Amino acid sequence: MTDKFVLKAFIAVLLMAAVTYVPRVLPLAVFRREIKSKYIKTFLKYIPYSVLGALTFPDIIYSTGNFKTAVCGTAAALFLAYREKSLVVVALGAIVVVFLAGL
Amino acid sequence: MGKYISKREKFFWGLKKGMPIAFGYIPVSFTFGLMAVNGGLPVWLAIFISLSNLTSAGQFGGTNLIIAGAGYLEIVLTVFVINIRYMMMSLSLSQKVEPNTTLLQRLIFGFGITDETFVVASMEPGKVGFHYMLGLITGPIAGWTVGTAAGAVVSTFLPEALSSAMGIALYAMFIAIIVPPSKKSIPVFMIVIISIAINLILKYIPLFSFISDGFRVIVATILGAGIGAALWPIEEAGTD
């Protein structure tokens, strides 16, 4: 771990922070009008659901590096979430099931 | 959020709504701290990455590239593509925040928009204001940073089985957020299914293999919400 490597890494991290911050605030800061189109308003209200669906499946299946344990963990998360358990309980429950399935 | 509620109460309401996210972030950021330090980064830099980036996929991807010795351009482009989805969330939130929210306030709480804080804020009835948003992002920022610090410090002492099990935590949180509203609303359930179906097609059909993971999620999100909005328009969308 040389100083040169750390300096380069630090600069890269600052650049990463910039290309993470700008997409987050740009529309929020620039776009201040209320949208009139019913279609676009509905579209924007459905974004939270479509984005989480797309982020979760199928990627969750690869999240533990083992197909079998990931499927067990996914099933546990779905079951606990269906019972409307809190985020923490669902996350910890899935971790415990993956861990046990991997033993 | 009625006007009769004080700023202080709004902040604490947001703080309360953010605490489950904060705790859910700990195993994920712990894994990140572990990975970054095992990859050769100093502890302080691992913590600084989480504090300055506050994102999961983007910083995991970017940090892996740093460790692999990639160039600035490749790192920046990869992270940017992964984070384009935040523009859709930010646009969606622009219609959700109280219109009198100042530019400075938007620039401040915008830093804390993550997949989870965005969805939790979106599910609040009515508009959300600056103080609520500030409260909402405080816990997750702390949880993400503290978890990273813990993972970075203990780095080598964790058994492999446990660290790989923690990889599922982030996705389990997504499921915890998405399932309850999907039970209560058929359009929401259908939109989740449609976006997953499109995501599967883009990932597994070789014709679409040129699409990167970041763009795949964006296309599935836009098509899922776009098809949903055409099939199930919200009549009272203007009044909340």
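Residues numbered from 1 in each chain as written. Chains lettered and ligands numbered in written order. Predicted model: local features only at pLDDT ≥ 70, side-chain atom pairs only at ≥ 80, totals over all residues. Heavy atoms only, no water.

Here is the UniProt Subcellular location (unreviewed entry) comment for chain B, exactly as written: "Cell membrane". What UniProt states about chain B under its Sequence similarities (unreviewed entry) heading is, verbatim, "Belongs to the AzlC family." (UniProt positions renumbered as here; feature names shortened; annotations may be inferred.)

The name given to chain A in an unreviewed UniProt entry is Branched-chain amino acid transport protein, with the source organism recorded as Anaerobium acetethylicum.

Let us look at the overall build of chain A. Assigned secondary structure in chain A consists of four helices and zero strands. The helix and strand sequence of chain A, counted from the amino end, reads α-α-α-α. Here the C-alpha radius of gyration of chain A, 20 Å, is well above what a compact globule of 103 residues would show, namely 13 Å. Each of the three principal axes of chain A carries a C-alpha extent, and together these read 55 × 50 × 20 Å. Classification of the 103 residues of chain A by burial places 50% in the buried group. Positive and negative side-chain charges in chain A, numbering 12 and 4 respectively, have mean positions lying 6 Å apart. (Helix = DSSP H or I, 4+ residues; strand = E, 2+ residues; numbered from the N terminus. Rg over C-alpha atoms; globule rule 2.2 N^0.38 Å. Buried < 20%, exposed > 50% of the residue type's maximum accessible area, 1.4 Å probe, protein only. Lys, Arg positive; Asp, Glu negative; His and termini not counted. Charge placed at Lys NZ, Arg CZ, Asp CG, Glu CD.)

Moving on, we come to the domain arrangement of chain B. Residues and elements named next belong to chain B. Domains assigned within chain B are domain 1 (7-169) and domain 2 (185-240). Computed over C-alpha atoms, the centres of domain 1 and domain 2 are 23 Å apart. Of the residues lining the interface, seven residues belong to domain 1; the matching set on domain 2 comes to seven residues. Between domain 1 and domain 2, a total of about 540 Å² is buried, with carbon and sulfur atoms accounting for 81% of that surface. Sorting the residues of domain 1 by area buried against domain 2 places V81, I84 and M88 first, and these three jointly supply 64% of that buried surface. If you look at where domain 1 meets domain 2, you find zero salt bridges. In this assembly, domain 1 and domain 2 are joined by zero residue pairs in polar contact (both at pLDDT 80 or more). For the side of domain 1 that touches domain 2, the secondary structure elements donating two or more residues are α4 (72-83) and α5 (85-94). Taken together, the residues of the side of domain 1 that touches domain 2 sort by class into four nonpolar, one polar and two charged. (Domains from an automatic or database assignment. Contact = heavy atoms within 4.5 Å. Buried area = accessible area lost by both parts, 1.4 Å probe. Salt bridge = Lys/Arg side-chain N within 4 Å of Asp/Glu carboxyl O. Polar contact = N/O pair within 3.5 Å; in protein donor to acceptor, adjacent residues only side chain to side chain. Nonpolar A, V, L, I, M, F, W, Y, C, P; charged D, E, K, R; others polar.)

Considering all chains together, one arrives at one cavity of 30 Å³ or more under this definition. Size it by volume and the largest cavity reaches roughly 70 Å³. (1 Å grid on protein atoms, 1.4 Å probe; cavity = no way out; pocket = protein on both sides within 12 Å on 5 of 7 lines; lining within 4 Å. Points joined across faces, edges and corners; volume = space filled by probe spheres on them.)

All names here are of chain B. In this model, the largest pocket occupies a volume close to 760 Å³. For the lining of the largest pocket, the elements supplying multiple residues, two or more each, are α1 (7-38), α3 (57-67), α4, α10 (169-184) and α12 (213-231). A class-by-class count of the residues in the lining of the largest pocket yields twelve nonpolar, eight polar and six charged.

On to the packing of aromatic side chains, then. As enumerated under the stated definition, the model contains seven aromatic pairs over all chains in all. Centre to centre, the rings of B:F11 and B:F12 are 5.5 Å apart; their planes meet at 90°, and the pair counts as edge-to-face. The class of B:F12 is partly exposed, set by a relative accessible area of 42%. The structure contains a cluster of three or more aromatic residues connected by ring pairs, namely A:F10, B:W44 and B:F48. (Phe/Tyr/Trp six-rings, centres within 6.5 Å; stacked < 30°, edge-to-face > 60°.)

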